[in-house]
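Here's the letter readout for the chains.
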Amino acid sequence: MKNQNYILIVFVFIALLATQCKKKDINISNTSSIQYCPDKYMLHSEPYPDSFVKLDTNFQHCVSSPMVYDLEEHRYTSPIVNPTNPFEFIFMRSNILQGGASYELCVYNFCTNNTKVITEDFAVNSYIDWSVKDWIVFRGENSDIYKVKSNGDSLTNLTNTVDLCGDPKWSPSGERLLYYDESNYEYSICNEDGSVIESFFVSMDSYDWLDEENLIYLKSMNSNIYLRKFNIQSNTHQDLTVLNNIATAEPIEVNGSTAFFTTSKGMYKYESNQTTLIDTNYFTYYSMNPQRLLGSKILTRRIIGDTTGMSECEYYYGSFLSILDEATGEERRVKIPE
């Protein structure tokens with residue numbers, strides 16, 4: 001009888017293991033609906049041309065405003081990684097040959113090497129973000145906040161105001177949206193349908209959700225940059241770190257437990273209560289919107305300024321999307337299909 005009980009226990013244990021393995025396989029299968037293609041980061045990117053790496057630190061500034069020339073046909077800005085797929089991101093681009101006045105909202109997929117214009121008949125002004133529920137939010141040319149699905153469906157006006165609205169950010173759950181409302185100079189939190197839940201005032205240069213109840217933000221004061229946490233419910237602030245003798249800070253982006261941001265001195269990572277400078281190539285290669293892709297790969301917008309012609313009142317400019325390898329320091333620009 002004891003042997004029979006032992007055999008039964010072993011059988012149940014094996015069955016449980018099999019069930020767990022099956023569940024694990026199902027999980028893998030579920031995530032495999034998103035193509036897994038880390039090799040495409042390299043395949044669909046390339047080193048920057050040597051001709052872009054130009055800098056004359058001894059140039060004499062032009063007395064009048066210099067003529068600005070673009071290095072390539074398009075300017076790219078505001079890359080945002082799909083929060084459920086590290087091989088896909090949205091971005092804005094303008095065509096210089098067509099005047100460069102308006103932006104298209106596009107999505108690019110590394111696995112398929114495909115670029116899709118999401119808002120073909122609707123101009124995008126600025127400020128984009130992507131939720132885990134596949135809603136993309138942006139500010140339109142009329143300064144209202146809109147949302148749209150990544151396939152271009154269900155374009156919806158969320159604010160309907162005559163005043164400027166900006167910097168919309170989805171909460172981690174995708175159920176709430178925070179944006180700046182210039183009609184009352186406050187930040188408003190709304191539901192997915194745009195109905196306002198609450199508003200509050202706080203002075204922030206740039207921010208992102210840390211979790212459902214807390215924001216992480218940058219504030220410039222007295223030539224220093226303060227990285228802080230703000231609890232929405234208690235309306236309290238906590239200093240996380242201070243960067244001394246830095247005048248400007250650019251948008252902050254949170255990926256899981258890591259926050260990335262750029263300043264006039266370089267790209268920083270805040271993780272496990274530690275602030276690390278991870279890239280300092282910032283005179284000819286200024287960057288914005290750094291975010292984690294997969295592993296050590298970071299997606300960022302890289303702005304290149306060639307000052308060699310400044311004494312002749314010429315300035316060459318380029319705005320690209322880059323993959324920076326945090327482990328090796330190698331950087332490559334993404335070859336966006338046009």
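Nothing here was measured: the structure is a model prediction, and the numbers come from that model.

1. What about the nonpolar core?
By size, the foremost hydrophobic cluster in this structure holds 18 residues, and its most contacted members are F89, F91, Y108, F110, V334 and I336. Going through the elements one at a time, strand 3 (74-82), strand 4 (85-95), strand 5 (104-109) and strand 25 (314-325) are the ones with two or more residues in this core. If you tally residues by element for this core, the top one is strand 4, at three residues.

2. Focus on the side chain of R292
With respect to the secondary-structure elements, R292 resides in strand 23 (residues 285-292). Of the polar contacts made by the side chain of R292, one reaches the backbone oxygen of G295; its length is 3.2 Å. Separated by 3.0 Å, the side chains of R292 and E326 make a polar contact. Contact partners of R292, with chain neighbours within four places excluded, come to V81, N255, F260, K269, K297, I298 and E326.

3. Digging into the pairing of strand 18 (residues 236-243)
Strand residues, when the strand is regular, have side chains that alternate between the two faces of the sheet. Bridge count for strand 17 (residues 224-231) against strand 18 is seven bridges, and the pairing is antiparallel. If you follow Y226 over to strand 18, its bridge partner there is V242. Here strand 17 folds back onto strand 18 in antiparallel fashion, the turn holding four residues, of which N235 has a positive phi close to 55°.

4. Topic: the packing of aromatic side chains
Summed over all chains, the structure comprises 15 aromatic pairs. Residues Y41 and F110 carry aromatic rings whose centres are separated by 5.0 Å and whose planes lie at 90° to one another, so their mutual orientation is edge-to-face. Here Y41 is found in helix 2 (residues 40-43), whereas its partner F110 is found in the loop between strand 5 and strand 6 (114-117), with 69 residues between them in sequence. An identical accessibility class is assigned to Y41 and F110; each is buried. Between the aromatic rings of F89 and F91, the centroid separation amounts to 5.8 Å while the plane-to-plane angle is 50°, which identifies the pairing as tilted. Judged by relative accessible area, F91 falls into the buried class, the value being 0%. Through pairs of rings, three or more aromatic residues link up here, namely Y36, Y41, Y76, F87, F89, F91, Y108 and F110. The cationic tip of K147 hangs over the ring face of W135; the distance from NZ or CZ to the ring centre is 4.0 Å. Sitting above the plane of the W135 ring, K149 keeps its charged end 4.4 Å from the centroid.

Reading the values: rules and limits
- Residues numbered from 1 in each chain as written.
- Predicted model: local features only at pLDDT ≥ 70, side-chain atom pairs only at ≥ 80, totals over all residues.
- Heavy atoms only, no water.
- Core = buried A, V, L, I, M, F, W, Y, C linked by side-chain atoms within 4.5 Å.
- Buried < 20%, exposed > 50% of the residue type's maximum accessible area, 1.4 Å probe, protein only.
- Helix = DSSP H or I, 4+ residues; strand = E, 2+ residues; numbered from the N terminus.
- Polar contact = N/O pair within 3.5 Å; in protein donor to acceptor, adjacent residues only side chain to side chain.
- Contact = heavy atoms within 4.5 Å.
- Pairing = 2+ DSSP bridges.
- Phe/Tyr/Trp six-rings, centres within 6.5 Å; stacked < 30°, edge-to-face > 60°.
- Lys NZ or Arg CZ within 6 Å of the ring centre and 35° of its normal.

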